[in-house]
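Chain by chain, the residues:
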Amino acid sequence: MDLGKDKMLEMYRMMTRIRLFETQVRDLATASEIPGFVHVSIGEEASATGVCAALRPADRITSTHRGHGHLIAKGGRLDRMMAEIFGKRTGYCKGKGGSMHIVDFSLGILGANGIVGGGIPIATGSALAAVVTQRDEVTACFFGDGASNEGTFHESLNLAAVWKLPVIYVCENNGFGEFTPMQTVTSVTDIAVRAQAYGIPGIVIDGNDVLEVYRCASEAIARARAGEGPTLIECKTYRWEGHVVGEQAFLGKASYRSEEEVAEWKARCPLIRFEKFAAESGMISAAELKKIRAETEVELEAAVKFARESPLPDPAEVTDDVFSG
Amino acid sequence: MPTTFIQAINQALSEEMERDPLTFVMGEDVVLSAFGATKGLIDKFGPRRVRNTPIAEAGFVGAAVGAAMAGARPICEVEFASFFYCAMDQVCNQAAKLRYMSGGQARMPITFRCVYGAMGGAAAQHSETVYAQFLSVPGIKLVVPSNPSDMKGLLKSAIRDDNPVIVFEHGALGGQREEIPAGDHLVPLGQAAIKRTGEHATVVAIGAMVPRTLRVAEKLAREDISVEVIDPRTLVPLDEAAILASVEKTNRAVVVDEGHWRGGAAADIAAIIGEKAFDFLDGPVRRVTTLDVPIPFSPPLEKAALANEAKIEAAIRAAVGR
Ligand SMILES: Cc1ncc(C[n+]2csc(CCOP(=O)(O)OP(=O)(O)O)c2C)c(N)n1
Ligand SMILES: [Mg+2]
C-alpha cells in the first residue's frame, strides 16, 4: 500500500503527541498535580494511531480506561484533554469526567470508560445506529486483552456478526490485565482466534508497527463500509509503565514482570521503529522528524499551561447535566 | 498492636480460611492484591484456594454462586463496588433467590467483598456507594463496617453465615488504625453499635460517615448539644430495636449516609423511624447524604456532591433547633 509521505508524517506526529502527552501526564500524576487514577499508554502508540489514521472524521471510536492515546489519535486537543485531567472547567467534560472518562462527540469520540469491557457494546450500538439511520460511518472499538474475557465482548461480537455491523474490534493485547499475566486467565494465546467462534475474520498483527496497523485497519474498515460486517484485529503490544501511575506505592517490592521483559519491549518502541523505517526508505529525513518533535513539545507545553491556568469548576455546577429529584 | 482496616480484612480472611477448609478466595488480582487485603494468602493456602479470575464479573460471581450451592464456601472479591453492576443477575436473581425458591434446599454461603465510596478523584464509575441497590432485593445480607475491629469481626461472621453477604469496605478507611480484640473476634450480623451516648438527637451514621459524625458530635458537645451516634454496622439485618430505643429517648433523628438521597439507605432507615417511632418524634427525620448526582471527578465538585461534616453539623443543629 502506498501511503504517501504526508500520511506517514501525520502518523509520526500523532505517535509523538501521544508519547509526549502520556509522559507528561505520568510525571504530573507522580507529582500529585493530577488527582485520581491515571493509566498511560506509553509503548502502545502505534495501535491507536494506525487505526484512527484509517478512519474518517465522521467515523467513531470507543475507548478504555487507558484512553488518552485513542482520543489524541482521533483528533482530541491536547489542551482540553489536559484540562480535563486536571479537573478544570475548560476540560472536555467540564471537570466531571477526568482521565478515565474523556469524551468529544464532535470528533466521534464516544468516550473513554472506567468499566473494563464497557465500551464494547457501545461501539456495537454506534455501528447499529449507522445502519439504522443509513449513514456511511464505521466505528472502531478499542479494548484490552483483559476486556476480551468479559461477557460484553462475546455478546457484542456475535451481535455485530449476525447483523453485519460496520464496526472493527481492536484488541490491544499488552500481556496484562492489571498485575495478572494474560496467559494465566485467558484460555487462548491469541485473542484473535475468538473471531472464529463468531464467524468473522480475526487477525494477529504487530501492534507496534504503525504501518501494519494502518494497512490492516484500512482493510477491515473497507469491509465494514461495504456491509460485510465486523473484523477482530489483535495488536500485540506492551505497556512500558505500570498499570496505574503510582502503583509501586502499594505493590511495594512485589513485581509481576521482569525488568528484562520490559527492556525487550522498549527495544521494540513504535516510534524508533518508524524512525528506522524512515531512514531506510530515504523518504523522510531525520530533520523532518526532529521538527515534528520540537513542534509537539511546544504544543504540549501550551496544553499544560492552559490546564494549569484554567479555572476549577464552580461547586454550583455539581448539579448541572443530570436530572434528579 | 494497632491494626489497619486492610490488615483487619487480611486477618479475618486468613483466620477463617485456616478454620474452614471449604473456604476459598477468588477475584481479580487477589494473588498480588493491589490494596493488600488478600496479600500473602497465596503463600499460606496455595493456588487451589486463592484464585485470580479473568476480568469477567458475571462469570466469576456466578461461579461463586454455583460453588456455594455445591458445597464450597466462596469468598469472592469484586474490586470496586460499581463492578457489581456487571454481575447483577447472578447476585440478585440467583444468589439472593435460590434458597427461597428451592423451598429452603439451597444453602448460599458466599461472602462478597468490594471497595465502595469516594476516595478522591476516582470519578463516577469508581466512587459509588451501591449498597442501596441491594437493599430491595430480599435474601442478601449487607455489611458496612466503619472501623478495623468491626471490619474483622463482621467479615468473620459473614464468612460463617450460610446466606449471601456483601461486605462493603470504604476506600478511604483503608489506612485507619486501632487495637483489635485478640482471639477469635466475632461481631454478629444485625447488632448495631452505640458509638456515643447522648440526649438531644439520635444520629444513625453508616460506614465512613461514622468517624465523621463522631467528630461533629465531639464538636457539638462543647456547646452542650448531646448527640447519640449509632452505627448499624449491617443494613440487612438491621438492628431496628437499637435505633428505635434511641429515638424514643432523644425524640430527634438524623440519618447520615454517603449514598444518595433518593432510594438510599438513609431513606430506608428514615422511613422505618418515621413509621415506627412517629409518636416519639419532635420533628422530621433528616437525611444527610450525597447529592443525587454521579460522583464528579474534579475535587471541588466532588466535595460539593458528598455528605460531609459541615452538612452533618447543619442537619443536627436543625434537628435540635440550635
Ligand atoms: C468491569 C471492571 N472490572 C474490573 C475493573 C478494574 N480494572 C481496571 S483496568 C483493569 C485491567 C484491564 O486489562 P486490559 O483490558 O487488558 O487493559 P489494559 O489495562 O491492559 O490496557 C481492571 C481489572 C474495571 N475497571 N472494570
Ligand atoms: Mg491488557
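Small disclaimer: the values here were computed from a predicted structure and weren't measured.

## A few points about the coordination of the magnesium ion (ligand 2)
Residues and elements named next belong to chain A. For the magnesium ion (ligand 2), the full set of protein donor atoms is Asp145 (OD), Asn174 (OD1) and Phe176 (O), and the range of their distances to it is 2.1 Å. Counting residues between consecutive donors of the magnesium ion (ligand 2) along the chain gives the motif D-x28-N-x1-F. Pair noted here: Asp145 is in the loop between β2 (139-144) and α6 (151-162) and Phe176 is in strand β4 (residues 176-177), with a separation of 31 residues, a long-range link. Pair check on accessibility: Asp145 and Phe176 agree, each one buried.

## Focus: the site of ligand 1
Close to ligand 1 lie 22 residues; His65(A), Arg66(A), Gly114(A), Gly146(A) and Glu57(B) are nearest. Arg66(A) places a polar side-chain atom, nitrogen or oxygen, 2.8 Å from an oxygen atom of ligand 1. Here an oxygen atom of ligand 1 sits 2.8 Å away from a polar atom, N or O, in the main chain of Gly146(A). Burial of ligand 1 by the protein chains amounts to 96% of its free accessible area of 580 Å². The class makeup of the residues in the shell around ligand 1 is 7 nonpolar, 8 polar and 7 charged.

## Some remarks on helix α3 (residues 57-69) of chain B
Residue and element names in this part refer to chain B. Taking 1.5 Å of rise per residue, the 13 residues of α3 would be expected to cover 18 Å, and the 18 Å separating its terminal C-alpha atoms lies within 8% of that figure. Buried residues of α3: Glu57, Phe60, Val61, Gly62, Ala64, Val65, Ala67 and Ala68, and no others. Where α3 is buried, its residues contact β2 (23-27), β4 (73-80), α4 (88-95), α5 (98-101) and β5 (111-116). One or two positions beyond α3, positive phi appears at Gly71, with a value near 105°.

## Overview of the pairing of β2(A)
Residue and element names in this part refer to chain A. Burial analysis of β2 places 5 of its 6 residues in the buried class, which makes it a mostly covered element. Relative to β2, strand β1 (residues 60-62) is paired through 3 bridges, and the arrangement is parallel. Looking across to β2, one finds that Ile61 is bridged to Ala140. Here 6 bridges tie β2 to strand β3 (residues 167-173), and the two strands are oriented parallel to one another.

## Description of the sheet that holds β1(A)
Residue and element names in this part refer to chain A. Here we have 5 strands laid out as an open sheet, ordered β1-β2-β3-β7-β6, and parallel in their pairing. Two strands lie at the open edges of the sheet, namely β1 and β6 (202-206), each paired on one side alone. With strand direction ignored, the average angle separating the axes of adjacent strands in the sheet is 20°. The strands that helix α2 (residues 45-53) touches are β1, β2, β3 and β7 (231-236); relative to β2, the one it contacts most, it runs at about 170°.

## Looking at the environment of Val103(A)
All names here are of chain A. Inspection of the secondary structure assignment puts Val103 in the loop between α4 (78-85) and α5 (119-132). Assessed through its relative accessible area of 23%, Val103 is described here as partly exposed. The spatial distance from the C-alpha of Val103 to the C-alpha of Gly76 is 8.9 Å, given a sequence separation of 27 residues. What Val103 contacts, discounting residues up to four positions off in sequence, is Tyr92, Cys93, Ile109, Leu110 and Gly111.

## Details of the interface of chain B and chain A
Contacts between the two partners involve 33 residues from chain B and, on the opposite side, 42 residues from chain A. Where chain B packs against chain A, one counts 0 salt bridges. Linking chain B to chain A there are 11 residue pairs in polar contact (both at pLDDT 80 or more). Every element with two or more residues in the side of chain B that touches chain A is listed here: β4 and α11 (299-305) of chain B.

## Some thoughts on the side chain of Glu247(A)
Residue and element names in this part refer to chain A. With respect to the element layout, Glu247 can be found in the loop between β7 and α10 (248-251). Buried charge Glu247 goes without a salt bridge, the closest partner of opposite sign being Arg239 at 4.9 Å. Beyond its immediate sequence surroundings of up to four residues, Glu247 is in contact with Phe179, Gly242 and Tyr256.

## Observations regarding the environment of Ser33(B)
Residues and elements named next belong to chain B. If you trace the backbone, Ser33 turns up in the loop between β2 and α2 (41-49). Classification of Ser33 by relative accessible area gives buried; the value is 4%. It is 9.7 Å that separates the C-alpha atoms of Ser33 and Asn52, two residues lying 19 residues apart in sequence. Each residue touching Ser33, except ones within four places of it in the same chain, is listed here: Thr38 and Lys39. A polar contact is formed between the side chain of Ser33 and the backbone nitrogen of Ala37, at a distance of 3.2 Å. Here Thr38 takes part through its backbone nitrogen, which lies 3.0 Å from a polar atom of the side chain of Ser33.

## Some points on the domain arrangement of chain B
All names here are of chain B. Structurally, chain B comprises domain 1 (3-178) and domain 2 (193-320). Between domain 1 and domain 2, the contact holds 26 residues from the first and 24 residues from the second. Summing both partners gives a buried area of about 2000 Å² for domain 1 against domain 2, and 60% of it is carried by carbon and sulfur. Ranking the residues of domain 1 by area buried against domain 2 places Tyr131, Leu135 and Ser146 at the top, with a combined share of 23%. Put simply, domain 1 and domain 2 have 1 salt bridge between them. At the junction of domain 1 and domain 2, the tally comes to 10 residue pairs in polar contact (both at pLDDT 80 or more). Among the elements of the structure, α6 (132-135), β6 (141-143) and α7 (148-160) are those that each provide at least two residues to the side of domain 1 that touches domain 2. Per element, the largest residue contribution to the side of domain 1 that touches domain 2 is 3 residues, and it comes from β6. Its residues assigned to classes, the side of domain 1 that touches domain 2 shows 15 nonpolar, 9 polar and 2 charged.

Conventions adopted
- Residues numbered from 1 in each chain as written.
- Chains lettered and ligands numbered in written order.
- Predicted model: local features only at pLDDT ≥ 70, side-chain atom pairs only at ≥ 80, totals over all residues.
- Heavy atoms only, no water.
- Donors = N, O, S within 2.8 Å, 3.2 Å for Na, K, Ca; no water.
- Helix = DSSP H or I, 4+ residues; strand = E, 2+ residues; numbered from the N terminus.
- Buried < 20%, exposed > 50% of the residue type's maximum accessible area, 1.4 Å probe, protein only.
- Near = heavy atom within 4 Å.
- Polar contact = N/O pair within 3.5 Å; in protein donor to acceptor, adjacent residues only side chain to side chain.
- Areas by Shrake-Rupley, 256 points an atom, 1.4 Å probe, with all protein chains shown as cover.
- Nonpolar A, V, L, I, M, F, W, Y, C, P; charged D, E, K, R; others polar.
- Expected span 1.5 Å × (residues − 1).
- Contact = heavy atoms within 4.5 Å.
- Pairing = 2+ DSSP bridges.
- Axes fitted to C-alpha atoms, helices over the stretch in contact; angles between N-to-C directions.
- Salt bridge = Lys/Arg side-chain N within 4 Å of Asp/Glu carboxyl O.
- Lys, Arg positive; Asp, Glu negative; His and termini not counted.
- Domains from an automatic or database assignment.
- Buried area = accessible area lost by both parts, 1.4 Å probe.

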